[in-house]
Amino acid sequence: MQTHSLMEVAGLLGVNKTTLQTWLSQGCPAVERADRATGKAWKICIADVMAWRIERAIANVVAAGGGDGTVISKEEADRRRSVALAHMAEIDLDERLKSVVSREDAVADMSAFCLAIKQQGSNAFSKIATRAATMTLPGEIDRMCQAEWNRGMGNAQEELRRRWNLRKEGKATPDFPTE
């Protein structure tokens, strides 16, 4: 059973974090509840959330049979259930095909990208300082600076591509960019 954080589930379901927290307080199941005191994060199974929502929708339809104009037909209830099941299947497929990225992975990749830019920039500045001392023409210095900056950005982009390719292949990604 695959679990996700509160923010991931809210994003995958297209609901606000507060909405999901409300559902959890109303009995929506969670594999593991968060505990700030111990630093424990939410672990939520999307299939459990969707099953809970379906059951709740069915219960609401049954309860609405009081003749106040809120009654829906069995066909409508079945249609809504089919839509909910289709959403569950779509989310499951996206996860299996790895067409969605977890927030933690995106943050790690962007952190690595920024670190690569910082390292490449530092290297470029050292090269520029050394080479610019022998140059006299502003245009020559400008071209050299542009070339070093472009080389650094290209290396940082390549690091990001490398990390994404590793993720596609299901391999672990290092915490920091490679040299």
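Scroll up a little and you will see the structure.
Bear in mind that the values here come from a model prediction, so they are computed numbers and not experimental data.

Participant: An account of the packing of aromatic side chains is needed here, citing residue identities and associated values.
Facilitator: Summed over the entire model, instances satisfying the criterion amount to one aromatic pair. Residues W23 and W52 carry aromatic rings whose centres are separated by 6.5 Å and whose planes lie at 50° to one another, so their mutual orientation is tilted. Here the residue W23 occupies a position in helix α2 (residues 17-25), and W52 occupies one in helix α3 (residues 46-63), the gap between them amounting to 29 residues. There is no split in this pair, since W23 and W52 are both buried.

Participant: Quick one: what's the story with the packing of helix α5 (residues 103-132) against helix α6 (residues 138-168), residue by residue and with numbers?
Facilitator: One way to put it is that α5 packs onto α6 with a least axis distance of 9 Å and a crossing angle of 155°. By the angle between their directions, the pair α5 and α6 is classed as roughly antiparallel. When the axes of α5 and α6 are compared, the crossing they make is right-handed. Per-class residue counts for the contact of α5 with α6 are 15 nonpolar, four polar and eight charged.

Participant: Talk me through the layout of surface pockets; I want residue IDs and the actual numbers.
Facilitator: Taken as a whole, the second largest pocket holds about 420 Å³ of empty space. Lining the second largest pocket are 22 residues; nearest its centre among them are M50, R53, I54, R80 and A84. The greatest single-element share of the lining of the second largest pocket, amounting to nine residues, is contributed by helix α4 (residues 74-96). Taken together, the residues of the lining of the second largest pocket break down into 14 nonpolar, two polar and six charged.

Participant: Go over the nonpolar core, please, and point to the residues and values.
Facilitator: Residues L13, L20, W23, L24 and I44 are the most contacted members of the largest nonpolar core, which totals 17 residues. Looking at this core element by element, the count peaks at five residues for α3. If we skip the residues at most four places from it in the chain, W23 touches L13, V15, C28, V49, W52, R53 and R56.

Participant: Tell me about α6, and please be specific about residues and values.
Facilitator: Compared with an ideal rise of 1.5 Å per residue, which puts 31 residues at 45 Å, α6 spans 45 Å between its outermost C-alpha atoms and is within 8% of the ideal. Taken together, the buried positions of α6 are occupied by M144, E148, G152, A156, E159, L160, R163, L166 and R167. Where the residues of α6 are buried, they touch α5. Directly beyond the C-terminal end of α6, a positive phi value near 80° is found at G170.

Participant: Describe the state of the cysteines, naming the residues involved and giving the relevant values.
Facilitator: Applying the stated rule across the entire model yields zero disulfides. C45 takes part in no disulfide bond, and the closest cysteine sulfur, belonging to C28, lies 10 Å away.

Participant: Quick one: what's the story with the pattern of salt bridges, residue by residue and with numbers?
Facilitator: Scanning the model with the defined rule gives ten salt bridges in all. Residues R80 and E76 are paired through a salt bridge, measuring 2.9 Å at the closest nitrogen-oxygen approach. Taken together, the residues R80 and E76, both in helix α4 and four residues apart, mark about one turn of the helix. Owing to a relative accessible area of 44%, R80 belongs among the partly exposed residues under this scheme.

Participant: Outline the packing of helix α1 (residues 6-13) against α2, supporting the account with residue identities and numerical values.
Facilitator: What describes two packed helices is the angle between their axes and the distance between those same axes. Where α1 contacts α2, the axes come no closer than 9 Å and their chain directions differ by 110°. Here α1 lies roughly perpendicular to α2, going by the angle between them. In this structure, α1 uses L6, M7, V9, A10 and L13 to contact α2, whose residues at the interface are K17, L20, Q21, W23 and L24. The residue inventory of the contact of α1 with α2, partitioned by class, reads eight nonpolar, one polar and one charged.

Participant: Break down α5 for me, with residues and values.
Facilitator: An ideal rise of 1.5 Å per residue puts 44 Å on 30 residues; α5 measures up with 42 Å between its terminal C-alpha atoms. Residues of α5 that are buried: D109, A112, F113, A116, G121, A124 and I128. On its buried face, α5 is in contact with α6.

Cut-offs applied
- Residues numbered from 1 in each chain as written.
- Predicted model: local features only at pLDDT ≥ 70, side-chain atom pairs only at ≥ 80, totals over all residues.
- Heavy atoms only, no water.
- Phe/Tyr/Trp six-rings, centres within 6.5 Å; stacked < 30°, edge-to-face > 60°.
- Helix = DSSP H or I, 4+ residues; strand = E, 2+ residues; numbered from the N terminus.
- Buried < 20%, exposed > 50% of the residue type's maximum accessible area, 1.4 Å probe, protein only.
- Axes fitted to C-alpha atoms, helices over the stretch in contact; angles between N-to-C directions.
- Parallel < 35°, antiparallel > 145°, perpendicular 65-115°, else oblique.
- Left-handed = near helix turned anticlockwise from the far one by under 90°.
- Nonpolar A, V, L, I, M, F, W, Y, C, P; charged D, E, K, R; others polar.
- 1 Å grid on protein atoms, 1.4 Å probe; cavity = no way out; pocket = protein on both sides within 12 Å on 5 of 7 lines; lining within 4 Å.
- Points joined across faces, edges and corners; volume = space filled by probe spheres on them.
- Core = buried A, V, L, I, M, F, W, Y, C linked by side-chain atoms within 4.5 Å.
- Contact = heavy atoms within 4.5 Å.
- Expected span 1.5 Å × (residues − 1).
- Disulfide = S-S within 2.5 Å.
- Salt bridge = Lys/Arg side-chain N within 4 Å of Asp/Glu carboxyl O.

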